[in-house]
Amino acid sequence: MNVTIVDYQSGNISSVINSFTEVAKGKVSLEVTSDIKKIKSSDKIILPGQGSFKSCVDSLNNINGLVETLKDFAITNKKPLLGICVGLQMFADVGYEEAETKGLGWIPGKVSKIDNQNGKFKLPHIGWNEIEIQKESKIFKDIKDKSHMYFVHSYEFIPENKSVISAITNYSSKIVCSIERDNLFGTQFHPEKSGKIGLKIIDNFLKL
Amino acid sequence: MLKNRIIPCLDVKNGRVVKGINFVELKDAGDPVEQAKIYSDGGADEICFLDITASNENRDTIIDIVRKTAKECFVPLTVGGGVRTIQNITDLLLAGADKVSINTAAVKDVRFVLEASKKFGSQCIVVAIDAKKISDKKWEVFTHGGRNKTGIDAVEFAKQVETNGAGEILLTSMDRDGTKSGYDVELLKVITDSTNIPVIASGGVGTLDHLYDGIIKGGASAVLAASIFHYGEYKIKEAKEYLNSKNVSVRL
């Protein structure tokens, strides 16, 4: 099996590479690239994302043909894709970080700033929080409800259709922290930094 | 509910872990990669490396340590010490650090914080503020491990770094660092009340009650400690169980 971590020159993806390398060791061939040909021939894709919604979308658009290739892969051909943090957020129609920015539009919804109740909750939402699993999800196999995951974000994805939500977390309000729709997966938290439980989620994705 | 974080900090010099008593008398406490692994397996919420000699010695040692650690520890890793340029940050992040902490360079020119947070995202930019009490309810920012005074008010500076895109503040009391007499809770409280980003308390931990004070009385989102963990006085797990028994929410 060939798995690609999409490197589109946005943010720090070393931890994603390290954790997937650890889990994939000897089982899966892992490639870190933005090469369209290699992405097309992969079996699975990981779409990381750090920095702002706008900077990530801009970086994706900067690589000729990348957005179309990802869409063919995940939407037309329905092959497994996992978005992490802003990688997940970009599934939305629109994001409001820095400036109103069009997202990939794969899952109807928007990305807006967490309502921190006038400063009552500090932003970014940084640290370990419990996830509340909302529906059975393939990547949560053997993951207990209320497991702790590591978060770093100030913006949240609000999907129109709540049935895509696979987990939420509580910070000021119920924040969507994981989605699953058919072959499309996304986590707001960072499985790559969430210790052994995070590695298990990565393993679940690689075993799909 | 978001948990309060416990962060062991490893001061690194020439590739070895040391902890200074008031930054002067250094003791060797082992191999950083191995220690980081022990901490992350033992329940540390993050790991922090502080390269204490980075200002005047070559930085390749710390890059190498970060690279090795990041391959074995799957919790967030923050690296500070001698972070002065965008290239320094790029090198550390590429080696596998999740966040960098900026100290002197932020004091010299706060726009560096803005530049760094624009380029890499606020999530990986921590500003380390070393503060010393100068009079009643007044703290001043110091640099170079507490040797140089700057004349800058710590509270004002904390607000400035927030405005310039810092994701977190690592606040060290230079009066308490290495003394084991507890955090400067008064300083913590004034900084956590004046800012809206998470503050990590540092400097002075000697007992588990001090961790409690930092979170509950000082309002810190995370507590950082060095010597109480690496000389084996307490395990991370013991610290967490203690805090939990006092109704402080931690990840067990």
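My aim in this report is to walk through the structure given alongside it, one point at a time. As the structure is a computational prediction, the values presented were derived from the model and not from experiment.

1. So, the overall build of chain B
Counting its secondary structure elements, chain B contains 10 helices and 12 strands. Projected onto its principal axes, the C-alpha coordinates of chain B cover approximately 40 × 40 × 40 Å. Classification of the 252 residues of chain B by burial places 62% in the buried group. Split by element, the accessible area of chain B, about 9,900 Å² in all, is 49% carbon and sulfur. Charged side chains in chain B number 33 positive and 34 negative. The centres of these two groups are separated by 1 Å.

2. Things to note about the side chain of D213 of chain B
Residues and elements named next belong to chain B. In this fold, D213 is placed in helix α8 (residues 208-217). Exposure remark for D213: the relative accessible area of 19% places this residue in the buried category. For D213, the contacting residues outside a window of four places in its chain are V185 and G218.

3. Structural notes on helix α7 (residues 185-194) of chain B
Residues and elements named next belong to chain B. Those residues of α7 not exposed but buried are L187, L188, I191 and T192. Projected down its long axis, α7 shows its buried positions confined to an angular sector of 120°, all on one face. Those residues of α7 hidden inside the fold are in contact with β7 (125-135), β8 (138-143), α6 (154-163), β10 (168-173), β11 (199-202) and α8.

4. As for the packing of aromatic side chains
All names here are of chain A. A complete count under the given rule lists 6 aromatic pairs over all chains for this structure. Where F151 meets F189, the ring centres are 5.8 Å apart and the plane angle is 70°; that geometry is what we call edge-to-face. With F151 in strand β9 (residues 148-153) and F189 in the loop between β13 (184-187) and α6 (195-207), this pair connects stretches of sequence that are 38 residues apart. Residue classification places F189 among the buried positions, given a relative accessible area of 0%. Where F185 meets F205, the ring centres are 6.0 Å apart and the plane angle is 80°; that geometry is what we call edge-to-face. With F185 in strand β13 and F205 in helix α6, this residue pair connects regions lying 20 residues apart in the sequence. Summarising the burial analysis for this pair, F185 and F205 share the class buried. The ring of F205 has K44 sitting right over it, with the charged end atom 5.8 Å from the ring centre.

5. Digging into the packing of helix α2 (residues 60-70) of chain B against helix α3 (residues 86-95) of chain B
Residue and element names in this part refer to chain B. The contact between α2 and α3 brings their axes to 8 Å, and the two run at 30°. Classified by the angle between their axes, α2 and α3 sit roughly parallel to one another. From α2, I63, V66, R67 and A70 reach across to α3, where they touch D91, L92 and A95. When its residues are assigned to classes, the contact of α2 with α3 shows 5 nonpolar, no polar and 2 charged.

6. Considerations on the interface of chain B and chain A
Across the contact, 30 residues belong to chain B and 29 residues belong to chain A. Overall, the association of chain B and chain A removes approximately 2,500 Å² of surface from exposure, summing both partners, and the carbon and sulfur fraction of that is 53%. Taken together, the connections running from chain B to chain A amount to 3 salt bridges. The salt bridge involving D98 of chain B is made with K193 of chain A; its shortest N-O contact spans 3.5 Å. Counting across the interface, chain B meets chain A through 20 residue pairs in polar contact (both at pLDDT 80 or more).

The rules we used
- Counting restarts for each chain: residues are numbered from 1 in the order of the written sequence.
- Chains carry letters from A onward and ligands carry numbers from 1 onward, assigned in written order.
- With the structure being a predicted model, the display of local features is reserved for residues of pLDDT at least 70 and the display and counting of side-chain atom pairs for 80 or more, all residues being used for whole-chain, interface and lining totals.
- Values reported for side chains reflect all heavy atoms of the structure, with hydrogen atoms and water molecules removed beforehand.
- In DSSP terms, a helix is any run of H or I states spanning at least four residues, a strand is any run of E spanning at least two, and both are numbered starting from the N terminus.
- Partly exposed residues are those whose accessible area sits between 20% and 50% of the maximum for their type, while under 20% is buried and over 50% is exposed, using a 1.4 Å probe and protein chains only.
- Per-residue accessibility takes into account occlusion by the displayed protein chains alone, with areas from the Shrake-Rupley method and a 1.4 Å probe.
- Counting rule for charge: Lys and Arg are taken as positive, Asp and Glu as negative, and neither His nor the chain ends is counted.
- Note on charges: their place is set at NZ of Lys, CZ of Arg, CG of Asp or CD of Glu.
- Contacts are residue-level and defined by heavy atoms, with any inter-residue pair within 4.5 Å sufficient.
- Note that the arc is defined by the directions from the helix axis to the C-beta atoms.
- Two rings from Phe, Tyr or Trp (for Trp, the six-membered ring) form a pair when their centres sit within 6.5 Å of each other. Planes less than 30 degrees apart are called stacked, planes more than 60 degrees apart edge-to-face, and all others tilted.
- Charge-over-ring contacts are defined here by two conditions on Lys NZ or Arg CZ: a distance within 6 Å of the ring centre and an angle within 35 degrees of the ring normal.
- The axes are straight lines fitted to the C-alpha atoms, using for helices just the contacting stretch, and the angles between their N-to-C directions are given from 0 to 180°.
- The cut-offs work like this: below 35 degrees is roughly parallel, past 145 is roughly antiparallel, 65 to 115 is roughly perpendicular, and the gaps in between are oblique.
- Three residue categories are used. Nonpolar comprises Ala, Val, Leu, Ile, Met, Phe, Trp, Tyr, Cys and Pro, charged comprises Asp, Glu, Lys and Arg, and polar comprises the others, including Gly.
- Throughout, buried area stands for the accessible area (probe radius 1.4 Å) lost by two parts on being put together, summed over both.
- By definition, a salt bridge exists where a carboxyl oxygen of Asp or Glu is found within 4 Å of a side-chain nitrogen of Lys or Arg.
- Under this definition, polar contacts are N or O atom pairs within 3.5 Å; protein pairs additionally need one hydrogen-donor-capable and one acceptor-capable atom, and for neighbouring residues in sequence, both atoms have to be side-chain atoms.

Coordinates in, geometry out; function isn't part of it.
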